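Below, each chain spelled out in residue letters.
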Amino acid sequence: MNSLSRRTVGPIVLLVVGAVLAYFLVPRFGTPINLGYFLLQAVPLLLTAVGQTLVIMTAGIDLSVGAIVTLAGVIAALLMDPANGGSIFLALLAVVGAALAVGLVNGLLIVRYNLPPFLATLGMTFFLAGVNLYLMPVPGGKIAESFQDAASTRWGYVPATVVVTLVLLAAIAIYVDRTRFGLRLRAVGWNEKAARLAGVSPAKVKIAAYICSALLASLAGLFIASRTGSGDPLVGNSYQLSSISAAVLGGVDLFGGRGTVWGAIAGALVLAMIGNVLNLLGVVAYWQWIVQGFVLLVAVALYSVRFGRRQSRELT
Amino acid sequence: MSSTPTTDQEPAPGRETAGAGTDRGAAVSAATGGAATGGVALLELRKLTKAFGATIALRDIDLTLDAGKFHALLGENGAGKSTLIKILAGIYRPTRGEMLMEGKPLEHPTPALLRTLGLHIVHQDSSILPGLTVAQNFALGQEPTAGLGFIRRRTVRDELAARGRRFGVDFDPDMPAERLAIGDRKILEILKVLDARQKLLILDEPTASFTAEEVRRLLAILRELKAQGTAILYVTHRLEEIEGMVDRVMVLRDGSKVGELTHDEAVQERVVSLMVGRELGQMYPHSDRPPGEVLVSARGIRRTGQYEDVSLDVRQGEIVALVGLAGHGSFEVARGLSGLPPPEAGEILMHGRPIRLRSLRDALKNGIGFLAEDRADTILRVRTVRENLALGALEMWSRMGFVDTRRESDEAERLIKALSVRCRSQNALAESLSGGNQQKVALGRWLAAERRLLVLLDPTAGVDVGARAEIYKHLRAFAADGRGVLVATSDLAEALGLADTVVAFYRGRQVATFDRDNRREEDVLAAITGQTAGKGAA
């Protein structure tokens with residue numbers, strides 16, 4: 001249809017082609033057990049990448065997602081620990097409350113005090129890293145058994161959390177595509193001034209985006225905690241940048257406006273698939289980083305060649 | 001402008017029967033009576049003053065706007081137009097004075113309140129987002145929603161089509177807005193604000209970077225709107241384009257209203273002298289010497305899809321203007337002569353010898369200076385006036401790669417004086433200058449660099465009338481020194497006034513050439529709209 005949806009096609013093609021190649025070329029990739037495992041591994045990346053995408057669409061960036069992932073796990077592990085009373089309800093309330101607060105502060109720093117999103121969320125990252133280590137200097141705490149069961153529930157071969165996550169993210173994708181909020185999100189990312197002249201309040205839209213990102217990151221943190229059964233003050237670090245990689249791989253433009261949540265979902269799955277395939281092939285960790293970096297750069301270069309050509313024709 | 005004057009037009013039939021309030025009826029009849037004093041004005045400002053600290057931006061402004069009338073607000077940049085608009089939009093609160101809508105005082109008008117009262121503003125900066133579709137742009141900011149915030153797309157489309165029908169325009173709702181022409185974007189913005197409550201439409205410099213055709217289409221819509229009883233306030237610093245249809249002209253200078261003219265009194269010279277506060281003398285300086293030898297010529301140049309078989313000369317001392325509708329070749333040829341991009345075939349000669357011109361760099365080497373139409377592309381906003389002036393001549397002013405700062409500073413001082421650039425000092429940032437002064441700095445860059453030919457695209461777009469006259473003077477002086485100027489412009493009046501030779505383009509071909517003695521505006525207009533194809537060169 002338009003350039004927005006064409007940006008989504010690339011990542012989805014990449015995902016499908018990659019999956020077909022992996023199915024035929026990589027032993028054991030296609031087994032139900034591995035596919036379930038691969039999707040389960042992808043859940044936190046999916047959640048953080050979609051949150052990141054909402055922020056990037058407003059021409060912002062959220063570097064604090066990794067720290068929020070950690071914070072959610074740490075809070076959950078502390079409050080669910082029988083030594084501290086062990087209330088699941090209280091723990092979930094505290095996690096959601098903390099995420100709301102962090103997202104709100106991120107948004108206010110950017111909107112009210114005019115901090116560049118990069119700086120505001122970088123500062124938040126350091127702040128939260130300190131908080132996390134203060135609350136839990138070494139991995140520990142205890143996730144309630146019943147909550148651990150939530151993450152490992154399977155319907156046949158299919159992990160329930162994967163289904164719930166994909167349904168949630170699909171709902172977000174549709175929501176962003178068709179609602180007032182989604183339209184304003186993209187409008188602010190394209191051109192904040194023009195959006196304001198059209199009657200949109202960029203401040204509200206941006207704050208909402210950072211809150212959504214923080215909430216999704218906290219869900220990722222809860223998921224990881226429930227799988228591992230404890231809290232870890234460093235567990236979320238890798239999502240700070242891999243959420244951005246997944247979004248960009250999904251065709252989301254770092255300058256805002258362009259891209260879709262569908263693309264980001266595909267991007268996150270591609271990134272997770274690369275990790276899974278390399279694991280199956282027994283490739284050592286540093287090679288995995290090299291391959292991921294390579295794929296990211298090639299994909300982004302390809303996107304910009306395709307979309308750049310259209311633009312330059314308009315300028316002449 | 002060829003339209004017939006439409007003074008005191010009767011309100012459209014059906015206006016009264018459409019159930020407009022009695023206030024409105026009174027305002028309309030008062031307006032048609034030709035006097036604002038008898039009835040109730042749609043909007044009235046009394047002794048309005050706005051001060052920012054010690055600076056008075058507006059002083060004791062009285063202003064009356066009537067339903068079904070076309071009002072123009074004119075003034076140079078900095079005269080207080082923007083402040084006045086922001087007050088009318090509810091963004092600023094006046095320091096003193098009253099604002100009345102249909103006779104009732106507005107105490108603390110907010111933008112939202114004014115909108116519900118039927119007062120809408122189309123701002124100078126576009127609110128159209130190129131990345132969204134036409135329908136999405138139309139809905140943005142006022143989206144009709146079903147539950148959960150989902151947009152009612154059908155409603156949006158129907159409303160867009162309905163409003164389009166009202167003015168005889170037709171938009172494809174699914175087209176990305178980036179494919180809309182500049183003029184259509186503005187029209188879409190107007191459609192957006194024209195809801196059922198519409199009473200007053202304020203347009204702030206709507207036609208910047210419009211083609212002549214786009215201006216005509218916009219004015220046709222405004223004429224229709226006026227006939228339907230809406231008051232229009234049109235803010236501009238160019239009277240020419242609305243001369244035929246304006247009912248009342250208000251002129252601002254230095255924060256005060258210096259004149260209010262009726263349709264018949266509002267003639268160009270009078271308004272301009274009110275705006276600038278002095279007689280400008282001639283807007284366009286004449287050259288007293290005939291042009292000299294041929295400086296640069298193009299022979300049969302062509303670029304696929306843009307222009308073909310173009311041959312023209314620029315002589316020493318001559319200003320040549322290329323005119324045509326957007327996309328018909330005039331701007332493209334001018335760019336071609338600067339290597340941006342170069343022609344694919346044909347020859348370019350300088351002093352009769354073919355030159356190699358494959359890029360802007362080649363053009364610069366051959367003494368050709370180029371100024372693009374968009375000042376964002378020519379001025380470094382966050383660098384100083386001095387640095388901006390020095391850009392074209394850095395090599396000349398350098399020794400062994402180091403800029404001779406003493407010389408740079410002296411030359412900058414000289415140019416600022418010569419061009420009468422109004423700036424605090426040569427160390428002022430370019431962005432602190434008005435549009436006209438920025439353009440003078442951009443021009444100064446090439447005056448410093450000792451060019452033989454200047455190629456300019458729309459050199460006075462968004463430049464107020466005082467600065468325009470100065471820019472014309474400098475261009476003429478530049479040419480008089482045995483050099484040449486090639487201007488591609490979308491402003492026909494500018495081409496006719498400024499240039500010695502006007503070359504008209506239509507569908508990528510030069511269709512006519514006019515020298516000083518044989519040109520009338522109608523003929524040039526006919527040539528660029530393809531109505532005299534084959535009549536040939538003069």
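All values reported here derive from a predicted model rather than from experimental measurement.

Student: What exactly am I supposed to notice about the overall build of chain B here?
Tutor: Across its full length, chain B carries 16 helices and 22 strands. Counting all 538 residues of chain B, 47% fall into the buried class. Within chain B, contacts between residues separated by at least 24 positions form 68% of all contacts whose residues are at least 6 apart in sequence.

Student: Help me out: how do you make sense of the overall build of chain A in this one?
Tutor: Looking only at helices and strands, chain A has 13 helices and two strands in total. Against the compact-globule benchmark of 20 Å for 316 residues, chain A has a radius of gyration of 20 Å, which places it among compact chains. Here the C-alpha coordinates of chain A stretch approximately 70 × 50 × 35 Å along the principal axes. Residue burial in chain A is summarised as follows: out of 316 residues, 49% are buried. Within chain A, contacts between residues separated by at least 24 positions form 78% of all contacts whose residues are at least 6 apart in sequence.

Student: Would you take a moment to explain the nonpolar core for this structure?
Tutor: A general feature of soluble globular proteins is that nonpolar side chains tend to end up buried together. Core analysis: the largest hydrophobic core is formed by 241 residues, its most contacted members being Val50(A), Ile68(A), Ala76(A), Ile265(A), Ala268(A) and Ala504(B). Once residues lying within four places of it in the same chain are set aside, the contact partners of Ile265(A) are Leu46(A), Val50(A), Leu169(A), Ala173(A) and Gly250(A).

Student: Please explain the packing of helix 6 (residues 182-193) of chain B against helix 7 (residues 212-227) of chain B as it appears in this structure.
Tutor: All names here are of chain B. Helix 7 packs onto helix 6 with a crossing angle of 15° between their chain directions and a minimal axis gap of 9 Å. Looking at the two axes, helix 6 sits roughly parallel to helix 7. In the crossing of helix 6 with helix 7, the sense of the turn from one axis to the other is right-handed. Here Ile182, Gly183, Lys186, Ile187 and Ile190 of helix 6 come into contact with helix 7, specifically with Glu214, Arg217, Leu218 and Ile221. Per-class residue counts for the contact of helix 6 with helix 7 are five nonpolar, one polar and three charged.

Student: Mind showing me how you'd approach the sheet that holds strand 12 (residues 307-315) of chain B here?
Tutor: Think of a sheet as strands paired side by side through backbone hydrogen bonds, with each pair either parallel or antiparallel. Residues and elements named next belong to chain B. The antiparallel open sheet is built from four strands, whose spatial order is 12-11-14-15. Across the chains shown, the open sheet's two edge strands, defined by having one partner strand only, are strand 12 and strand 15 (353-354). In this structure, strand 14 (residues 345-350) lies alongside strand 15, joined through two bridges in antiparallel fashion. Its bridge partner being in strand 15, Leu349 is matched across the sheet by Pro354.

Student: For this particular structure, what's the right way to read the sheet that holds strand 13 (residues 319-323) of chain B?
Tutor: Residue and element names in this part refer to chain B. In space, the six strands of this open sheet follow the order 16-19-20-13-21-22, with mixed pairing throughout. Each of the sheet's edge strands pairs with one partner strand only, and the pair in question is strand 16 (368-371) and strand 22 (509-515). In this sheet, adjacent strand axes meet at a mean angle of 15° when their direction is disregarded. The sheet contact formed by strand 21 (residues 501-506) and strand 22 spans six bridges and is antiparallel. Among the inter-strand pairings, Val502 is bridged to a residue of strand 22, identified as Phe514.

Student: Just to check I follow, could you spell out the interface of chain B and chain A for this structure?
Tutor: Size of an interface: often given as the accessible area lost when the parts come together. Between chain B and chain A, the residue contacts involve 22 residues of the former and 21 residues of the latter. In terms of residue class, the side of chain B that touches chain A is made up of ten nonpolar, ten polar and two charged.

Student: Mind showing me how you'd approach the environment of Asn191(A) here?
Tutor: All names here are of chain A. Relative to the elements of secondary structure, Asn191 occurs in the loop between helix 8 (180-190) and helix 9 (192-197). According to the C-beta neighbour criterion, Asn191 is buried, with 23 such atoms within 10 Å. Put simply, Asn191 and Gly257 are 66 residues apart on the chain and 8.1 Å apart in space, counted from C-alpha to C-alpha.

Student: Whenever I open this one, the domain arrangement of chain B confuses me. Can you help?
Tutor: Assigned domains within chain B: domain 1 (22-125 + 197-276), domain 2 (129-179) and domain 3 (280-367 + 485-538). Measuring from the centre of the C-alpha atoms in domain 1 of chain B to the corresponding centre in domain 2 of chain B gives 28 Å.

Student: How should I be thinking about helix 4 (residues 88-111) of chain A in this particular structure?
Tutor: Note: α-helices contain 3.6 residues per turn, so residues at a spacing of three or four share the same orientation. All names here are of chain A. Spanning 24 residues, helix 4 covers 34 Å between terminal C-alpha atoms, matching the ideal 34 Å at 1.5 Å per step. When helix 4 is considered as a whole, its buried residues turn out to be Ala91, Val95, Ala98, Ala99, Val102, Gly103, Val105, Asn106, Gly107 and Ile110. Next to the buried residues of helix 4 lie helix 3 (65-80), helix 5 (117-135) and helix 10 (202-228).

Student: Would you take a moment to explain the environment of Leu135(A) for this structure?
Tutor: Inspection of the secondary structure puts Leu135(A) in helix 5. Not counting the four nearest positions on each side in its chain, Leu135(A) is found in contact with Val74(A) and Leu78(A).

Student: Any chance you could explain unusual backbone geometry here in plain terms?
Tutor: Backbone geometry follows two general trends: most residues other than glycine have a negative phi, and most peptide bonds adopt the trans configuration. Residues and elements named next belong to chain B. Cis geometry is adopted by the peptide bond preceding Pro341, which originates at Leu340 and carries an omega value of -5°. By secondary structure assignment, the location of Pro341 is in the loop between helix 9 (330-336) and strand 14. Of note in this structure, Glu102 is not a glycine but carries a positive phi near 50°. On the secondary structure map, Glu102 appears in the loop between strand 4 (96-101) and strand 5 (104-105). Residue classification places Glu102 among the buried residues on the basis of 20 C-beta atoms within 10 Å.

Student: Explain the packing of helix 4 of chain A against helix 10 of chain A here, please?
Tutor: Helix-helix packing: each pair is described by the crossing angle between the helix axes and the interaxial distance. Residues and elements named next belong to chain A. The geometry of helix 4 relative to helix 10 is characterised by a closest axis approach of 8 Å and an angle of 145° between their N-to-C directions. As for the relative orientation of helix 4 and helix 10, their crossing is right-handed in sense. Touching Val95, Val96, Ala99, Leu100, Val102, Gly103, Leu104, Asn106, Gly107, Leu108, Ile110 and Val111 of helix 4 are Ala203, Lys206, Ile207, Tyr210, Ile211, Ser213, Ala214, Leu215, Ala217, Ser218 and Leu222, all from helix 10. Here the contact of helix 4 with helix 10 is built from residues that sort into 17 nonpolar, five polar and one charged.

Student: Any chance you could explain the pairing of strand 14 of chain B here in plain terms?
Tutor: Regular strands show a simple pattern: their side chains alternate between the two faces of the sheet. Residue and element names in this part refer to chain B. Two elements, strand 11 (residues 294-303) and strand 14, share five bridges in a ladder whose sense is antiparallel. Looking at the pairing, Val296 lines up with Met350 of strand 14. The turn linking strand 14 back onto strand 15 is made up of two residues, and His351 within it adopts a positive phi angle of 50°.

Student: Please explain the confidence of the model for chain B as it appears in this structure.
Tutor: Where the model shows low pLDDT, its predicted coordinates should not be examined in detail. Residues of chain B with pLDDT of at least 70 account for 89%, and the chain-wide mean is 81. Segment residues 533-538 of chain B is flagged for pLDDT under 50; beyond a separation of four residues in sequence, or across chains, it makes ten contacts in the model.

Student: What am I meant to see in helix 11 (residues 239-249) of chain A here?
Tutor: Residue and element names in this part refer to chain A. Of all the eleven residues making up helix 11, ten are buried; the element is thus mostly covered by neighbouring parts of the structure. Along helix 11, the residues classified as buried are Tyr239, Gln240, Ser242, Ser243, Ile244, Ser245, Ala246, Ala247, Val248 and Leu249. With its phi angle positive at about 85°, Gly251 sits one or two positions after the end of helix 11.

Conventions used here
Per-chain numbering applies: the sequence of each chain, read as written, is numbered from 1 onward. A letter from A marks each chain and a number from 1 marks each ligand, given out in the order of writing. Selection of residues for local features in this predicted model requires a pLDDT of at least 70, selection of side-chain atom pairs for listing and counting requires 80 or more, and totals for whole chains, interfaces and linings are taken over all residues. To qualify as a helix, a DSSP run of H or I must reach at least 4 residues; to qualify as a strand, a run of E must reach at least 2; elements of each kind are numbered from the N terminus. Exposed residues have 12 or fewer other C-beta atoms within 10 Å of their own C-beta, buried residues have 20 or more, and residues in between are partly exposed; the C-beta atoms are placed from the backbone. It is the C-beta atoms, placed from the backbone, that decide contacts: two residues are in contact if theirs lie within 7 Å. Here the globule rule is a power law, 2.2 Å times the number of residues to the power 0.38, and the radius of gyration is based on C-alpha atoms. Only buried residues count toward a nonpolar core: Ala, Val, Leu, Ile, Met, Phe, Trp, Tyr and Cys, linked into one set through C-beta atoms within 7 Å. Interaxial angle, 0 to 180 degrees, is taken between N-to-C directions of lines fitted to C-alpha atoms, where a helix line uses only the stretch in contact. Should an angle fall under 35 degrees it is called roughly parallel, over 145 degrees roughly antiparallel, and 65 to 115 degrees roughly perpendicular, with every other angle called oblique. The crossing is said to be left-handed when, going from far helix to near helix, the turn is anticlockwise and less than a right angle, and right-handed when the turn is clockwise. The nonpolar class holds Ala, Val, Leu, Ile, Met, Phe, Trp, Tyr, Cys and Pro. Asp, Glu, Lys and Arg form the charged class, and all remaining residues, Gly among them, are polar. Strand pairing is defined by DSSP finding a minimum of two bridges between the two strands. Domain start and stop positions are those given by an automatic or database domain assignment. Multiply 1.5 Å by the residue count of a helix minus one, and that product is the helix's expected span. For every residue, the predictor reports its confidence as pLDDT, a number between 0 and 100.

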